[in-house]
Amino acid sequence: MNYIVFDLEWNQSSDRASARPSLPFEIIEIGAVKLDAALREVGRFDRFVRPRIYRRMNPMTKKVTHLDVKNMTGEAFFPDVMKDFLEFCGEDFIFCTWGESDLWELQRNMRYFHVDNPFPKPLLFYDVQKLYSLRYDDGRSRLGLKAAIEERGFEEQEAFHLAISDAIYTARLMQEMNLEGVEKYVSVDYFRLPENESEEIYLVFPTYAKYVSRPFPEKEDVMKDHTVTQMRCYLCGRPLRRHVRWFPTGERTYQALFSCPQHGYLKGKIRIKKSRTSAVFAVRTVKCVSEEKAEELKERRVGFIEKRREAAKRSRVRAKEKKRAARAASRGREKPAEPAAVQTQAEE
Ligand SMILES: [Zn+2]
(Lines give C-alpha, C1' and ligand atoms only; values in the text may rest on other atoms or scores of the structure.)
Protein backbone atom coordinates (compact mmCIF):
# COMPACT_ATOMS: atom_id res chain seq x y z
CA MET A 1 0.00 0.00 0.00
CA ASN A 2 1.15 3.52 -0.83
CA TYR A 3 0.69 6.71 1.13
CA ILE A 4 -0.65 9.65 -0.85
CA VAL A 5 0.38 12.73 1.10
CA PHE A 6 -1.46 15.65 -0.40
CA ASP A 7 -2.20 19.29 0.20
CA LEU A 8 -4.48 21.78 -1.52
CA GLU A 9 -4.57 25.49 -2.11
CA TRP A 10 -7.95 27.05 -2.76
CA ASN A 11 -9.42 30.42 -3.56
CA GLN A 12 -12.63 31.97 -2.32
CA SER A 13 -14.96 34.78 -3.17
CA SER A 14 -13.72 38.28 -2.41
CA ASP A 15 -17.18 39.45 -1.41
CA ARG A 16 -20.00 37.67 0.35
CA ALA A 17 -22.59 38.36 -2.32
CA SER A 18 -20.89 36.28 -4.99
CA ALA A 19 -19.90 33.38 -2.70
CA ARG A 20 -21.49 30.03 -3.56
CA PRO A 21 -22.67 28.15 -0.49
CA SER A 22 -22.11 24.78 -2.16
CA LEU A 23 -18.54 25.70 -3.07
CA PRO A 24 -17.08 28.22 -0.65
CA PHE A 25 -13.53 27.17 -1.59
CA GLU A 26 -12.42 26.43 -5.12
CA ILE A 27 -9.27 24.33 -5.45
CA ILE A 28 -6.49 26.00 -7.44
CA GLU A 29 -3.61 23.65 -6.69
CA ILE A 30 -3.20 19.96 -5.85
CA GLY A 31 0.22 18.90 -4.60
CA ALA A 32 1.06 15.35 -3.53
CA VAL A 33 3.91 13.07 -2.63
CA LYS A 34 3.58 9.30 -3.01
CA LEU A 35 5.38 7.17 -0.43
CA ASP A 36 5.69 3.41 -0.64
CA ALA A 37 5.00 1.00 2.25
CA ALA A 38 8.48 1.74 3.64
CA LEU A 39 7.76 5.50 3.43
CA ARG A 40 10.22 6.03 0.59
CA GLU A 41 9.23 8.68 -1.91
CA VAL A 42 8.22 7.14 -5.22
CA GLY A 43 6.39 9.97 -6.96
CA ARG A 44 5.20 13.58 -6.98
CA PHE A 45 2.12 15.30 -8.34
CA ASP A 46 1.89 19.07 -8.70
CA ARG A 47 -0.81 20.74 -10.72
CA PHE A 48 -2.53 24.09 -10.76
CA VAL A 49 -6.22 24.27 -11.56
CA ARG A 50 -7.94 26.80 -13.79
CA PRO A 51 -10.80 28.28 -11.77
CA ARG A 52 -14.37 28.31 -13.05
CA ILE A 53 -16.15 30.04 -10.19
CA TYR A 54 -13.90 32.52 -8.43
CA ARG A 55 -11.84 34.10 -11.18
CA ARG A 56 -10.42 36.89 -9.08
CA MET A 57 -8.00 36.16 -6.31
CA ASN A 58 -9.25 36.78 -2.79
CA PRO A 59 -6.72 39.35 -1.48
CA MET A 60 -6.11 37.47 1.78
CA THR A 61 -5.57 34.16 -0.01
CA LYS A 62 -3.23 35.90 -2.43
CA LYS A 63 -1.23 37.31 0.43
CA VAL A 64 -0.84 33.91 2.11
CA THR A 65 -0.23 31.73 -0.94
CA HIS A 66 1.35 34.22 -3.37
CA LEU A 67 -0.74 32.47 -6.00
CA ASP A 68 -2.83 34.29 -8.57
CA VAL A 69 -5.56 32.71 -10.66
CA LYS A 70 -4.66 35.18 -13.42
CA ASN A 71 -1.65 32.97 -14.09
CA MET A 72 -3.76 29.83 -14.32
CA THR A 73 -5.69 30.45 -17.50
CA GLY A 74 -3.47 27.95 -19.31
CA GLU A 75 -4.15 25.19 -16.78
CA ALA A 76 -6.77 22.43 -17.01
CA PHE A 77 -10.13 22.65 -15.18
CA PHE A 78 -10.75 20.71 -12.00
CA PRO A 79 -12.33 17.52 -13.46
CA ASP A 80 -9.31 16.93 -15.72
CA VAL A 81 -6.75 17.63 -13.01
CA MET A 82 -8.70 15.40 -10.65
CA LYS A 83 -8.73 12.59 -13.19
CA ASP A 84 -4.95 12.79 -13.43
CA PHE A 85 -4.63 12.96 -9.67
CA LEU A 86 -6.72 9.79 -9.22
CA GLU A 87 -4.53 8.07 -11.78
CA PHE A 88 -1.46 9.16 -9.84
CA CYS A 89 -2.99 7.78 -6.62
CA GLY A 90 -3.38 4.32 -8.14
CA GLU A 91 -5.40 1.47 -6.64
CA ASP A 92 -4.01 0.67 -3.22
CA PHE A 93 -3.38 3.76 -1.14
CA ILE A 94 -4.31 5.72 1.95
CA PHE A 95 -4.60 9.51 1.97
CA CYS A 96 -2.45 11.49 4.42
CA THR A 97 -3.08 15.18 5.10
CA TRP A 98 -2.05 17.78 7.64
CA GLY A 99 -5.38 18.35 9.42
CA GLU A 100 -8.80 17.20 8.30
CA SER A 101 -9.97 19.93 5.96
CA ASP A 102 -8.20 18.99 2.71
CA LEU A 103 -9.99 15.68 2.20
CA TRP A 104 -13.31 17.40 2.86
CA GLU A 105 -12.61 20.20 0.37
CA LEU A 106 -11.32 17.77 -2.23
CA GLN A 107 -14.63 15.87 -2.09
CA ARG A 108 -16.72 19.03 -1.99
CA ASN A 109 -15.01 20.17 -5.22
CA MET A 110 -15.53 16.71 -6.72
CA ARG A 111 -19.23 16.87 -5.90
CA TYR A 112 -19.61 20.39 -7.22
CA PHE A 113 -17.86 19.63 -10.50
CA HIS A 114 -19.60 16.24 -10.94
CA VAL A 115 -16.53 14.07 -10.53
CA ASP A 116 -17.56 10.57 -9.37
CA ASN A 117 -16.35 9.80 -5.88
CA PRO A 118 -14.51 6.49 -6.17
CA PHE A 119 -13.24 6.36 -2.59
CA PRO A 120 -14.23 3.49 -0.31
CA LYS A 121 -16.84 4.01 2.39
CA PRO A 122 -15.95 4.58 5.15
CA LEU A 123 -12.96 6.50 3.88
CA LEU A 124 -10.11 6.13 6.34
CA PHE A 125 -7.12 8.43 6.19
CA TYR A 126 -4.18 9.64 8.23
CA ASP A 127 -4.45 13.08 9.75
CA VAL A 128 -0.70 13.60 10.10
CA GLN A 129 -1.27 16.61 12.36
CA LYS A 130 -3.07 14.32 14.80
CA LEU A 131 -0.43 11.58 14.47
CA TYR A 132 2.23 14.19 15.20
CA SER A 133 0.44 15.17 18.39
CA LEU A 134 -0.03 11.52 19.44
CA ARG A 135 3.65 10.84 18.81
CA TYR A 136 5.25 13.93 20.34
CA ASP A 137 2.60 15.49 22.54
CA ASP A 138 -0.70 14.68 24.29
CA GLY A 139 -2.70 13.66 21.22
CA ARG A 140 -4.98 16.69 21.58
CA SER A 141 -2.77 19.62 20.69
CA ARG A 142 -2.64 20.67 17.06
CA LEU A 143 0.51 22.32 15.76
CA GLY A 144 0.77 24.24 12.51
CA LEU A 145 2.89 22.60 9.82
CA LYS A 146 5.57 25.29 10.02
CA ALA A 147 5.78 24.97 13.80
CA ALA A 148 6.14 21.19 13.54
CA ILE A 149 8.90 21.53 10.96
CA GLU A 150 10.72 23.94 13.26
CA GLU A 151 10.16 21.73 16.29
CA ARG A 152 11.79 18.80 14.49
CA GLY A 153 14.69 21.05 13.55
CA PHE A 154 14.24 20.59 9.80
CA GLU A 155 15.69 23.06 7.41
CA GLU A 156 13.00 25.03 5.65
CA GLN A 157 13.92 24.52 2.04
CA GLU A 158 10.50 25.01 0.53
CA ALA A 159 8.11 27.93 0.81
CA PHE A 160 5.07 27.24 2.98
CA HIS A 161 1.50 27.52 1.67
CA LEU A 162 2.20 26.06 -1.71
CA ALA A 163 0.37 22.75 -1.98
CA ILE A 164 3.36 20.80 -3.23
CA SER A 165 5.79 22.12 -0.63
CA ASP A 166 3.33 21.56 2.22
CA ALA A 167 2.85 17.99 0.95
CA ILE A 168 6.63 17.53 0.90
CA TYR A 169 6.93 18.82 4.48
CA THR A 170 4.09 16.57 5.65
CA ALA A 171 5.71 13.56 3.98
CA ARG A 172 8.99 14.41 5.66
CA LEU A 173 7.32 14.48 9.06
CA MET A 174 5.78 11.08 8.36
CA GLN A 175 9.20 9.70 7.50
CA GLU A 176 10.63 11.22 10.66
CA MET A 177 7.89 9.65 12.81
CA ASN A 178 8.12 6.40 10.88
CA LEU A 179 4.48 6.07 12.05
CA GLU A 180 5.89 4.23 15.04
CA GLY A 181 3.16 3.46 17.56
CA VAL A 182 0.65 5.70 15.79
CA GLU A 183 -0.07 3.67 12.65
CA LYS A 184 -3.33 2.34 14.11
CA TYR A 185 -4.79 5.83 14.62
CA VAL A 186 -6.59 6.31 11.33
CA SER A 187 -9.13 9.10 10.97
CA VAL A 188 -12.59 8.75 9.43
CA ASP A 189 -13.79 11.08 6.73
CA TYR A 190 -17.13 12.73 7.61
CA PHE A 191 -17.92 14.14 4.19
CA ARG A 192 -19.91 11.04 3.26
CA LEU A 193 -21.64 9.74 6.37
CA PRO A 194 -23.16 6.31 6.94
CA GLU A 195 -26.56 6.42 5.25
CA ASN A 196 -28.21 3.83 7.48
CA GLU A 197 -27.59 1.74 10.56
CA SER A 198 -25.77 -1.01 8.66
CA GLU A 199 -23.24 1.51 7.36
CA GLU A 200 -22.46 2.95 10.77
CA ILE A 201 -18.76 2.91 11.64
CA TYR A 202 -17.11 1.10 14.55
CA LEU A 203 -13.35 1.45 15.04
CA VAL A 204 -11.19 0.15 17.86
CA PHE A 205 -7.89 1.91 18.59
CA PRO A 206 -5.24 0.88 21.13
CA THR A 207 -6.55 3.31 23.74
CA TYR A 208 -10.19 3.93 22.78
CA ALA A 209 -13.06 2.97 20.49
CA LYS A 210 -14.99 5.18 18.11
CA TYR A 211 -18.46 4.96 16.60
CA VAL A 212 -19.90 7.23 13.90
CA SER A 213 -23.67 7.32 13.51
CA ARG A 214 -25.94 7.89 10.55
CA PRO A 215 -27.42 11.42 10.30
CA PHE A 216 -30.46 12.54 12.32
CA PRO A 217 -32.65 15.64 11.84
CA GLU A 218 -32.05 17.10 15.34
CA LYS A 219 -29.73 16.79 18.31
CA GLU A 220 -32.61 15.43 20.43
CA ASP A 221 -33.23 12.60 17.94
CA VAL A 222 -29.61 11.51 18.27
CA MET A 223 -29.77 11.18 22.04
CA LYS A 224 -33.04 9.21 21.85
CA ASP A 225 -31.47 6.58 19.62
CA HIS A 226 -30.44 3.37 21.37
CA THR A 227 -27.66 2.52 18.93
CA VAL A 228 -26.03 5.81 19.87
CA THR A 229 -26.53 5.65 23.63
CA GLN A 230 -26.24 1.94 24.39
CA MET A 231 -23.20 -0.23 23.91
CA ARG A 232 -21.17 -3.22 24.99
CA CYS A 233 -17.56 -3.28 26.14
CA TYR A 234 -15.39 -2.61 23.07
CA LEU A 235 -12.66 -4.87 24.47
CA CYS A 236 -14.62 -8.02 25.30
CA GLY A 237 -18.17 -7.46 24.04
CA ARG A 238 -19.77 -7.95 27.46
CA PRO A 239 -22.88 -5.93 28.35
CA LEU A 240 -21.95 -2.87 30.41
CA ARG A 241 -23.37 -1.66 33.67
CA ARG A 242 -24.33 2.01 33.55
CA HIS A 243 -23.25 4.17 36.48
CA VAL A 244 -23.93 7.62 35.09
CA ARG A 245 -26.47 8.15 32.33
CA TRP A 246 -25.68 10.46 29.38
CA PHE A 247 -25.74 14.07 30.48
CA PRO A 248 -24.71 17.24 28.64
CA THR A 249 -21.22 18.55 29.37
CA GLY A 250 -21.28 21.23 26.69
CA GLU A 251 -23.55 22.54 23.99
CA ARG A 252 -22.82 19.57 21.73
CA THR A 253 -21.20 17.03 24.04
CA TYR A 254 -22.53 14.38 26.40
CA GLN A 255 -20.74 12.03 28.75
CA ALA A 256 -21.66 8.84 30.58
CA LEU A 257 -20.00 6.24 32.77
CA PHE A 258 -20.18 2.46 32.46
CA SER A 259 -18.31 -0.51 33.82
CA CYS A 260 -17.34 -3.93 32.50
CA PRO A 261 -16.81 -6.81 34.95
CA GLN A 262 -13.43 -7.47 33.34
CA HIS A 263 -12.21 -4.04 32.20
CA GLY A 264 -13.47 -1.75 34.91
CA TYR A 265 -14.78 1.77 34.29
CA LEU A 266 -15.41 3.04 30.79
CA LYS A 267 -16.11 6.69 30.03
CA GLY A 268 -18.26 7.51 27.04
CA LYS A 269 -18.31 10.80 25.19
CA ILE A 270 -20.72 11.79 22.44
CA ARG A 271 -20.03 14.73 20.20
CA ILE A 272 -22.87 16.00 18.04
CA LYS A 273 -21.59 17.25 14.72
CA LYS A 274 -23.22 18.97 11.77
CA SER A 275 -23.25 17.02 8.55
CA ARG A 276 -22.64 18.45 5.09
CA THR A 277 -26.40 18.67 4.59
CA SER A 278 -26.85 20.36 8.00
CA ALA A 279 -28.36 17.27 9.58
CA VAL A 280 -26.55 16.11 12.72
CA PHE A 281 -24.67 12.94 13.57
CA ALA A 282 -22.90 11.50 16.59
CA VAL A 283 -19.29 10.61 17.11
CA ARG A 284 -19.04 8.49 20.23
CA THR A 285 -15.72 7.61 21.84
CA VAL A 286 -15.25 5.23 24.73
CA LYS A 287 -12.15 4.60 26.78
CA CYS A 288 -11.13 2.86 29.98
CA VAL A 289 -10.69 5.23 32.91
CA SER A 290 -9.32 5.00 36.44
CA GLU A 291 -11.57 4.89 39.50
CA GLU A 292 -10.49 8.45 40.25
CA LYS A 293 -11.64 9.69 36.83
CA ALA A 294 -14.87 7.73 37.27
CA GLU A 295 -15.54 9.48 40.59
CA GLU A 296 -14.85 12.86 38.96
CA LEU A 297 -17.48 12.15 36.34
CA LYS A 298 -20.01 11.05 38.96
CA GLU A 299 -19.47 14.34 40.81
CA ARG A 300 -19.80 16.28 37.60
CA ARG A 301 -23.16 14.64 36.98
CA VAL A 302 -24.31 15.55 40.53
CA GLY A 303 -23.28 19.15 39.86
CA PHE A 304 -25.21 19.08 36.61
CA ILE A 305 -28.38 17.83 38.33
CA GLU A 306 -28.14 20.53 40.99
CA LYS A 307 -27.68 23.22 38.40
CA ARG A 308 -30.62 21.92 36.42
CA ARG A 309 -32.79 21.87 39.54
CA GLU A 310 -31.88 25.48 40.32
CA ALA A 311 -32.56 26.53 36.75
CA ALA A 312 -35.97 24.83 36.88
CA LYS A 313 -36.74 26.61 40.13
CA ARG A 314 -35.74 29.97 38.64
CA SER A 315 -37.90 29.41 35.60
CA ARG A 316 -40.88 28.44 37.82
CA VAL A 317 -40.41 31.67 39.78
CA ARG A 318 -40.17 33.65 36.54
CA ALA A 319 -43.34 32.02 35.20
CA LYS A 320 -45.17 32.81 38.43
CA GLU A 321 -44.06 36.45 38.29
CA LYS A 322 -45.13 36.70 34.69
CA LYS A 323 -48.55 35.28 35.52
CA ARG A 324 -48.90 37.68 38.43
CA ALA A 325 -47.91 40.63 36.27
CA ALA A 326 -50.40 39.57 33.61
CA ARG A 327 -53.13 39.28 36.22
CA ALA A 328 -52.26 42.68 37.62
CA ALA A 329 -52.27 44.18 34.15
CA SER A 330 -55.69 42.76 33.33
CA ARG A 331 -57.04 44.02 36.63
CA GLY A 332 -55.47 47.34 35.82
CA ARG A 333 -57.29 47.42 32.50
CA GLU A 334 -60.60 46.80 34.22
CA LYS A 335 -60.03 49.55 36.76
CA PRO A 336 -57.36 51.80 35.35
CA ALA A 337 -57.23 54.31 38.22
CA GLU A 338 -57.35 51.85 41.12
CA PRO A 339 -54.14 52.04 43.16
CA ALA A 340 -55.27 49.09 45.32
CA ALA A 341 -54.43 46.62 42.54
CA VAL A 342 -50.79 47.67 42.60
CA GLN A 343 -50.80 47.52 46.36
CA THR A 344 -52.06 43.90 46.37
CA GLN A 345 -49.35 42.85 44.00
CA ALA A 346 -46.63 44.31 46.19
CA GLU A 347 -48.01 42.56 49.29
CA GLU A 348 -48.20 39.11 47.76
ZN1 LIG B 1 -14.77 -5.71 28.86
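Every chain is numbered independently, its residues counted from 1 as its sequence is written. Per-residue local features of the predicted model are confined to residues with pLDDT of at least 70, and side-chain atom pairs are confined, for both listing and counting, to 80 or more; whole-chain, interface and lining totals are unaffected and use all residues.

Caption draft 1: Inspection of helix α3 (residues 101–112) at higher detail. If you check α3, its first and last C-alpha atoms are 16 Å apart, about what 12 residues at 1.5 Å a residue would give, namely 16 Å. Buried residues of α3: Asp102, Leu103, Leu106, Asn109 and Met110, and no others. Buried residues along α3 cover an arc of 130° about the axis, so they all sit on one side. Contact definition: two residues whose C-beta atoms, as placed from backbone geometry, lie within 7 Å. The way it works is that DSSP assigns letters per residue, a run of H or I at least four long becomes a helix, a run of E at least two long becomes a strand, and they are numbered from the N terminus. Buried-residue contacts for α3 involve β1 (2–11), β2 (26–35), α2 (78–89), β4 (93–97) and β5 (124–127). One or two residues past the end of α3 sits His114, with phi positive at roughly 60°. Residue count minus one, scaled by 1.5 Å, sets the expected span of a helix. Whether a residue is buried, exposed or partly exposed follows from its count of other C-beta atoms within 10 Å of its own C-beta, namely 20 or more, 12 or fewer, or something in between, respectively; the C-beta atoms are built from the backbone. It is the directions from the helix axis to the C-beta atoms whose arc is reported.

Caption draft 2: Seen up close, the environment of Arg40. Structurally, Arg40 can be placed in the loop between β2 and β3 (41–48). The sequence separation of Arg40 and Gln175 amounts to 135 residues, and the corresponding C-alpha distance is 7.9 Å.

Caption draft 3: How the structure looks around the nonpolar core. Among the nonpolar cores identified, the biggest contains 49 residues, and Val5, Ile30, Cys96 and Ala167 are the most heavily contacted of them. Ranked by residues supplied to this core, first place goes to helix α6 (residues 163–177) with 8 residues. With residues up to four places along the chain from it excluded, the contact list for Cys96 reads Tyr3, Ile4, Val5, Phe125, Tyr126, Val128, Thr170 and Met174. Only buried residues count toward a nonpolar core: Ala, Val, Leu, Ile, Met, Phe, Trp, Tyr and Cys, linked into one set through C-beta atoms within 7 Å. One finds Cys233, Tyr234, Ile272 and Phe281 within the second-largest nonpolar core, a separate group that totals 22 residues.

Caption draft 4: Representation of unusual backbone geometry in the model. Residue Pro122 is bonded to the preceding Lys121 through a cis peptide linkage, with omega at 0°. Residue placement: Pro122 occurs in the loop between α3 and β5. Residues other than glycine seldom take positive phi values, yet His114 does so here, at roughly 60°. One non-glycine residue, Leu179, adopts positive backbone phi at about 55°. With respect to the helices and strands, Leu179 occurs in the loop between α6 and β6 (187–188).

Caption draft 5: Representation of the confidence of the model for the chain in the model. On average, the chain scores 91 in pLDDT, and the residues at 70 or more come to 95%. Note on residues 340–348: pLDDT is under 50 here. Beyond four places in sequence and across chains, it has 7 contacts. What pLDDT reports is the predictor's confidence in each residue, on a scale of 0 through 100.

Caption draft 6: Local environment of the sheet that holds β6. Strand pairing follows a simple DSSP-based rule, namely that at least 2 bridges must link the two strands. Taken in spatial order, the 6 strands of this open sheet run β3-β2-β1-β4-β5-β6, and their pairing is mixed. In the strand order of this sheet, the two ends are held by β3 and β6, each with one partner. Taken together, the 2 bridges between β5 and β6 define a ladder with antiparallel strand orientation. Its bridge partner lying in β6, Leu124 is registered against Val188.

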